[in-house]
Each structure stands twice: as C-alpha cells, then as structure tokens.
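Coordinate analysis (summary)
Residue-level listing of the chains:
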Amino acid sequence: MRIGDLAQRTGVSVRSLRYYEQQGLLGSTRTAGGQREYPEAAVDRVIRIQEMFAAGVPSRVLAELLPCIHDADGTPNATATPWLTETLTAERDRIDAAIKDLRRTRALLDEVIGTAQGAPAAEARSERR
C-alpha cells in the first residue's frame, strides 16, 4: 500500500510515517518511481508505535522494543534482551507513577467540582467510590 493509504488506515499523518521511517521504526520498499510501498503488516506496526508513543515511550527505546514484538498480535517474541527488559521495567514504573499522579489530580478535581456544585468535600469523595 502507498503512504497515503497507510496514513488513512491508521489515522497517522504522512509526515509522521516518514518520521517513523527516519527513526528506523517502520520500513518500506520503493517503486521504480521512488514511491514508498508498505506491506499489510505496517498497519499493525503503526498502531503499535502510536500506542507506545501515547504511553510516553521515546523513539530510541521504541526502536529497540519493536523487533521484540510481533506486529500482528502485539505479543512478545524471543529477541528481548536484559537491557531491554530493564529499560521497559523503568518505562513501566514511570507510567505507573504518572497514573498515580493522574488519579491524585482527578481526586482533587472531583473535590473542587463537588464543592463548586454545592456538595460537601466528604460527600464528593464518597460519590467517587
């Protein structure tokens, strides 16, 4: 498929797809006319890249991670290394901390919203549970 088709099917801009190639995250072949062509598996690969970027995984880590993930189903394969395991554990810990911070911020917002709506703070906290 051509780059425009891949962009349309994944909801990712053509510019982003070119960036993914530049970073070694996505591969393509070229036609005789120089146009990029992608295999069907590129759709899954781009979705996986987007998921990892949304989680805050930087492209340098992602470049090491992607060869360890099957594109079609996202399951791991046997090429993971100890360095990668340590790096991904650190990324997971960072994500866990961010989730904890987001929950704390949401709880504070719930209290402010409850107060603004006239509910006592204790009542607003109990409604969240």
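Our subject in this report is the structure included herewith. What you see is a predicted model, and the numbers here were worked out from it, not measured in a lab.

Close contact between helix H2 (residues 14-22) and helix H3 (residues 41-54) brings their axes to 12 Å; oriented N to C, the two are set at 90°. If you check the angle between H2 and H3, you find them roughly perpendicular. On H3, the residues that touch Leu17, Tyr19 and Tyr20 of H2 are Val46, Ile49, Gln50 and Phe53. The residue makeup of the contact of H2 with H3, split by class, is six nonpolar, one polar and no charged.

Attention shifts here to the packing of helix H1 (residues 3-10) against H3. Packed helix pairs are specified by the crossing angle of their axes together with the interaxial distance, meaning the distance between the axes. Remark: H1 packs on H3, axes separated minimally by 10 Å, with the N-to-C direction vectors making an angle of 55°. If you check the angle between H1 and H3, you find them oblique. Handedness of the H1/H3 crossing: right-handed. From H1, Leu6, Arg9 and Thr10 reach across to H3, where they touch Ala42, Val43 and Val46. For the contact of H1 with H3, the per-class residue count stands at four nonpolar, one polar and one charged.

Okay, the nonpolar core next. Counting 22 residues, the largest nonpolar core has Leu6, Leu17, Tyr20, Leu26, Val46 and Leu62 as its most contacted members. Within the residue set of this core, elements represented by two or more residues are H1, H2, H3 and helix H4 (59-65). Counting residues per element, this core draws most heavily on H3, at five residues. In this structure valine 46 touches Leu6, Thr10, Val12, Leu17, Tyr20 and Leu26, once residues within four positions along its chain are discounted.

Quick look at the packing of aromatic side chains now. Two aromatic rings are characterised by how far apart their centres lie and by the angle between their planes. Evaluation of the coordinates by the stated rule reveals two aromatic pairs. Measuring from centroid to centroid gives 6.4 Å for tyrosine 19 and tyrosine 20, while their planes differ by 65°, and the two rings are edge-to-face. Overall, tyrosine 20 belongs to the buried group, its relative accessible area being 3%.

Each value, and the rule that gives it
Residues numbered from 1 in each chain as written. Predicted model: local features only at pLDDT ≥ 70, side-chain atom pairs only at ≥ 80, totals over all residues. Heavy atoms only, no water. Axes fitted to C-alpha atoms, helices over the stretch in contact; angles between N-to-C directions. Helix = DSSP H or I, 4+ residues; strand = E, 2+ residues; numbered from the N terminus. Parallel < 35°, antiparallel > 145°, perpendicular 65-115°, else oblique. Contact = heavy atoms within 4.5 Å. Nonpolar A, V, L, I, M, F, W, Y, C, P; charged D, E, K, R; others polar. Left-handed = near helix turned anticlockwise from the far one by under 90°. Core = buried A, V, L, I, M, F, W, Y, C linked by side-chain atoms within 4.5 Å. Buried < 20%, exposed > 50% of the residue type's maximum accessible area, 1.4 Å probe, protein only. Phe/Tyr/Trp six-rings, centres within 6.5 Å; stacked < 30°, edge-to-face > 60°.

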